[in-house]
Amino acid sequence: MHAFDVLGDPVRRRILELLADGELTSGAVTSVIQQEFGISQPAVSQHLKVLREAGFATVRPDGARRLYAVSTEPLRDVDAWLDRFRRFWTPPLDALATELARGKRQRRLQEQAGPDPNQENSP
């Protein structure tokens, strides 16, 4: 299964978001996903299986529990694929950052200069 087929499903993306914060038991994942998506425990298990088989998640036993975690390798592959498209959004984001910094600098200079004596006070 292609990485974007795996990531195309909102439930699987949400599971990865949960796992990005750290290892979770299958029960903890199931609880959140059932609450947010209203799907059954077997359906959540199937999504976890797809993530495992596609290499996006790992599982390790911990007594009777199964702990899931994000596997970074497939995400690196996705990032590498996206790299060719970054040119479409990086320059506009850089320009936005420049404008934000310019605005902050201008506000800071205005605050340091004090109130403008030419500006009318409104009631």
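Cut-off values and rules
- Starting from 1, residues in each chain are numbered consecutively following that chain's sequence as written.
- pLDDT decides what is reported in this predicted model: residues at 70 or higher carry local features, side-chain atom pairs at 80 or more are listed and counted, and totals for whole chains, interfaces and linings draw on all residues regardless.
- Water and hydrogen atoms were dropped before computing side-chain values, which therefore reflect all heavy atoms in the structure.
- For this analysis, a nonpolar core means a set of buried residues of the types Ala, Val, Leu, Ile, Met, Phe, Trp, Tyr and Cys, connected via side-chain atoms within 4.5 Å.
- Relative accessibility thresholds used throughout: buried, under 20% of the residue-type maximum; exposed, over 50%; partly exposed, between the two (1.4 Å probe, protein chains only).
- Numbering of helices and strands starts at the N terminus; helices are DSSP runs of H or I of at least 4 residues and strands are runs of E of at least 2.
- Only heavy atoms enter the contact rule, under which two residues are in contact if any of them lie within 4.5 Å.
- The term salt bridge refers to a side-chain nitrogen of Lys or Arg lying within 4 Å of a carboxyl oxygen of Asp or Glu.
- A pair of strands is considered paired only if DSSP assigns at least 2 bridges between the two.
- Helix axes use the C-alpha atoms of the stretch in contact, all axes being lines fitted to C-alpha atoms, and the angles between their N-to-C directions lie in the range 0 to 180 degrees.

For the protein chain, an unreviewed UniProt entry supplies the name DNA-binding transcriptional regulator, ArsR family and the organism Jiangella alkaliphila.

Glancing now at the nonpolar core. Core analysis: the largest hydrophobic core is formed by 17 residues, its most contacted members being Ile 15, Leu 19, Val 29, Ile 33, Leu 48, Leu 51 and Phe 56. Taken together, the elements giving at least two residues each to this core come down to α1 (3–7), α2 (10–20), α3 (26–37) and α4 (41–53). Examining the composition of this core, we find that five residues originate from one element, α2, more than from any other. Excluding anything up to four places from it in sequence, Ile 33 contacts Val 11, Arg 14, Ile 15, Leu 18, Gly 38, Ile 39 and Val 44.

Moving on to the pattern of salt bridges. Side chains bearing opposite charge may pair, as long as their charged atoms lie close to each other. Under the defined criterion, the tally for this structure stands at seven salt bridges. A salt bridge links Arg 14 to Glu 17; the shortest N-O distance between them is 3.4 Å. Here Arg 14 and its partner Glu 17 are both found in helix α2, three residues apart, which amounts to about one turn of the helix. For Arg 14, a relative accessible area of 22% translates into the label partly exposed.

Here we take up the sheet that holds strand β2 (residues 57–62). An order of β1-β3-β2 is seen for the three strands of this open sheet, with the pairing classed as antiparallel. Pairing within the sheet leaves two strands with one partner each, and these edge strands are β1 (24–25) and β2. Across two bridges, the pairing between β1 and strand β3 (residues 65–70) is antiparallel. Directly across from Thr 25, in β3, lies its bridge partner Leu 67. Contacts between α2 and the sheet are confined to β1, β2 and β3, with β3 contributing the most and set at about 95° to the helix.

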